[in-house]
Amino acid sequence: MKLCRFGPIGSEKPGVVDAEGRIRDLSAVVPDLTADTLATALAADAAALPVVEGEPRYGVPLKGIGKIVAIGLNYEDHAIESNLPIPTEPMMFMKAISSLSGPNDPVILPKDATHGDWEVELGVIIGKTCRYVDEADALDHVAGYVLANDVSERFNQKQRGTQWSKGKGHDTFCPLGPWLVTPDELDDPQALDMHLDVNGARMQTGNTRTMIFDVRQLIAYVSRFVTLEPGDLMITGTPPGVGEGKKPEAVYLKAGDVMELGIAGLGTQRQQVVAWQPVGAKSQA
């Protein structure tokens, strides 16, 4: 099943995407899509729900995400292009909840940004509490999968000490969706093609089978250090092709750029990059 939230920012409604790609309104079944209402939403008869007309905005597909645990350097070629050692254990960092945004909302570069970058990633929504989970049982704790763009400001990430979160947690730096796809819709989370384009040029091409640590391993590993609760999000790393790794010179995001990305079965995103402006200033989007 593909579950979504649609409508203006702050007024999203719950929905389900049917086999024809139409959004059907779930708001008569559940008030919103949260970890607590997922089971009820999944039991709904999608064919009996009203079709949403037009092309509404997609929002973050789950309300109330508690935390975002991110995995760095989880594709060998990406570690190499980043001039960093290939990890022998998963590298973890946190992204701020305030970085979440809809899949097609503008990405706002932070004030004085110089090193904005992109990262297409598989996201995992946790469905059951994970604490010292065994690898063999890890996927039983997954509520669904989502497409994510782990947007980064590399100068803030790497040149301001050792805290990656400084360059990862800016507002709009975690576009998510358009859908939450339940595990029964995906044959194998480790066999998903992924891509990202900037201004129509292909930058990233990859497949989740080339992860250093797969989803089972990541859930089990993270749950040794951080309790994962229902509704938490884990993003699992990016394949090679980020702007920082381009040769002969790095390529960084600027206002006016357009990122388009997708993962097989999880939909696509499109974001226009805009410059930071003081609150109340007219948007360039």
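Everything discussed here concerns the structure shown above.
First, a word on what this report is: a plain description of the structure on this page. (Residues numbered from 1 in each chain as written. Predicted model: local features only at pLDDT ≥ 70, side-chain atom pairs only at ≥ 80, totals over all residues. Heavy atoms only, no water.)

**What to know about the packing of aromatic side chains**
- Summed over the entire model, instances satisfying the criterion amount to two aromatic pairs.
- Each ring, one from Y221 and one from F225, has its centre 4.9 Å from the other, and the planes form 50 degrees; the classification is tilted.
- A cation over a ring is seen here: K2 above W179, with NZ or CZ 5.5 Å from the ring centre. (Phe/Tyr/Trp six-rings, centres within 6.5 Å; stacked < 30°, edge-to-face > 60°. Lys NZ or Arg CZ within 6 Å of the ring centre and 35° of its normal.)

**Considerations on the pairing of strand β9 (residues 120-126)**
- Of all seven residues making up β9, seven are buried, and the element is well covered by its neighbours.
- On β9, burial covers both faces: V120, L122, V124 and I126 on one face and E121, G123 and I125 on the other are all buried.
- One ladder, built from seven bridges, connects β9 with strand β10 (residues 142-149); its direction is antiparallel. Bridge assignment links G123 to a residue of β10, and that residue is V146.
- Bridging between β9 and strand β16 (residues 233-235) involves three bridges; their strand directions are antiparallel. By the bridge assignment for β16, I125 is matched with L233. (Buried < 20%, exposed > 50% of the residue type's maximum accessible area, 1.4 Å probe, protein only. Helix = DSSP H or I, 4+ residues; strand = E, 2+ residues; numbered from the N terminus. Pairing = 2+ DSSP bridges.)

**Remarks on a negative patch on the surface**
- Together, D134, E135, D137 and D140 line one region of the surface with negative charge.
- Here D137 lies in the loop between β9 and β10.
- D137 sits in the partly exposed class, given a relative accessible area of 36%. (Patch = residues over 30% accessible without salt bridge, like charges linked within 9 Å, V, L, I, M, F, W, Y side chains within 5 Å. Areas by Shrake-Rupley, 256 points an atom, 1.4 Å probe, with all protein chains shown as cover. Salt bridge = Lys/Arg side-chain N within 4 Å of Asp/Glu carboxyl O. Lys, Arg positive; Asp, Glu negative; His and termini not counted. Charge placed at Lys NZ, Arg CZ, Asp CG, Glu CD.)

**Overview of the sheet that holds strand β15 (residues 201-207)**
- Taking strand neighbours across the sheet as the criterion, the five strands line up as β7-β18-β17-β14-β15 in an open arrangement whose pairing is mixed. The two strands at the open ends of the sheet, each matched to only one other strand, are β7 (107-108) and β15.
- Sheet topology places strand β14 (residues 193-198) next to β15; six bridges connect them, and they run antiparallel. Counterpart to D197 in the pairing with β15 is R202.

**As for the pairing of strand β18 (residues 267-274)**
- By the bridge criterion, two bridges tie β7 to β18 in an arrangement that is parallel. Residue pairing across strands places V107 opposite V273, the latter belonging to β18.
- Examined bridge by bridge, strand β17 (residues 258-263) and β18 share six bridges and lie antiparallel to one another. Note that in β18 the partner of I263 across the bridge is G267.
- Two successive antiparallel strands, β17 and β18, enclose a turn made up of three residues, where G265 displays a positive phi of approximately 85 degrees.

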